[in-house]
Amino acid sequence: LTHDCNLACVYCYEKAKSGRTISLETAKEAIIKGFSRCSDAEELEISFHGGEPFLAFGLLRDICEWIWSKTWPAPYICFATTNGTLVHGDIRRWVALNRKRLHLGLSLDGTREMHNLNRSGSFDLIDIDFFLASWPEQPLKMTVSGVSLPFLAEGVAFLHHKGFRINANFAFGTDWSDECNIDELTRQLRSL
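In this report, we go over the structure that sits alongside the text. (Residues numbered from 1 in each chain as written. Predicted model: local features only at pLDDT ≥ 70, side-chain atom pairs only at ≥ 80, totals over all residues. Heavy atoms only, no water.)

### Regarding the pairing of strand β1 (residues 44-48)
Applied cut-off: Throughout this description, buried means an accessible area under 20% of the type-specific maximum (1.4 Å probe, protein chains only), exposed means over 50%, and partly exposed covers the range between. Here a strand is any run of E in DSSP of at least two residues, a helix any run of H or I of at least four, and the numbering for each starts at the N terminus. In this analysis, strands are considered paired if DSSP registers two or more bridges between them. By convention a crossover is right-handed if, when the strands point away from the viewer, the path from the first strand over the helix to the second runs clockwise.
A one-sided burial pattern is seen for β1, the buried positions being L44, I46 and F48 and the unburied ones E45 and S47. As paired strands, β1 and strand β2 (residues 76-82) are joined by five bridges and run parallel to one another. Pairing of L44 across the sheet is with Y76, part of β2. Crossover β1 to β2 through helix α2 (residues 57-68) is right-handed.

### Quick notes on the layout of surface pockets
Just so we agree on the cut-off: As defined here, a cavity is a set of points on a 1 Å grid over the protein atoms alone where a 1.4 Å probe fits but cannot get out. A pocket is an open set with protein on both sides within 12 Å along at least five of seven lines, and residues line them when an atom is within 4 Å of a point. Grid points are joined across faces, edges and corners, and a volume is the space filled by probe spheres set on the points. Gly counts as polar in this scheme, as do all residues outside two lists: the nonpolar Ala, Val, Leu, Ile, Met, Phe, Trp, Tyr, Cys and Pro, and the charged Asp, Glu, Lys and Arg.
If you add up the space inside the largest pocket, you get close to 450 Å³. Lining the largest pocket are 26 residues, and of these Y13, H49, G51, R119 and K141 lie nearest its centre. Those elements that place two or more of their residues in the lining of the largest pocket are β2, β4 (140-144) and β5 (166-170). In this structure, the second largest pocket occupies an estimated 180 Å³ of space. Surrounding the second largest pocket, 13 residues form its lining, A30, I31, I46, S47 and F48 being those nearest its centre. Those elements giving two or more residues to the lining of the second largest pocket turn out to be α1 (24-36) and β1. It is β1 that contributes the most residues to the lining of the second largest pocket, five residues altogether. Its residues placed into classes, the lining of the second largest pocket shows nine nonpolar, three polar and one charged.

Below, the structure written as structure tokens:
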């Protein structure tokens, strides 16, 4: 949806952040094309990604409401990956109203300390319980960076205790073959 983001994550691979957004017409064309390429037995995932998609909330809402107003030749799901920091007020009300039609995947990097090391001190801006209550089966995305690696076991345990399923991944741009990282990862995995 947009190249823009409200955070400066330590592992961000997107170096060309800007306020650019996709146009409504281009989005519609891409969705129509997606449906034309799938059979009625397939489910089409319409995935909204950024930057942070909720920086373009009006556009996201317009696209989704256009999709929902049409009859399509195949089943589909609308999905957005978010850092969760903007899902408050009007955005939260709209998302809650449409949570069966728009699924959100939260990026959350573990405990408060671990997450804040990676993601601009943003942990307390996220209503974690709202995401868990709204999409209990949706795994969250946990990214492990070189600076948060020493907290990996604690972060996974914290998120599991909260009730989340986790898709953990290693940050791009870190030398994971470095002996120090291998030793720390070994300690963390043994701890888990």
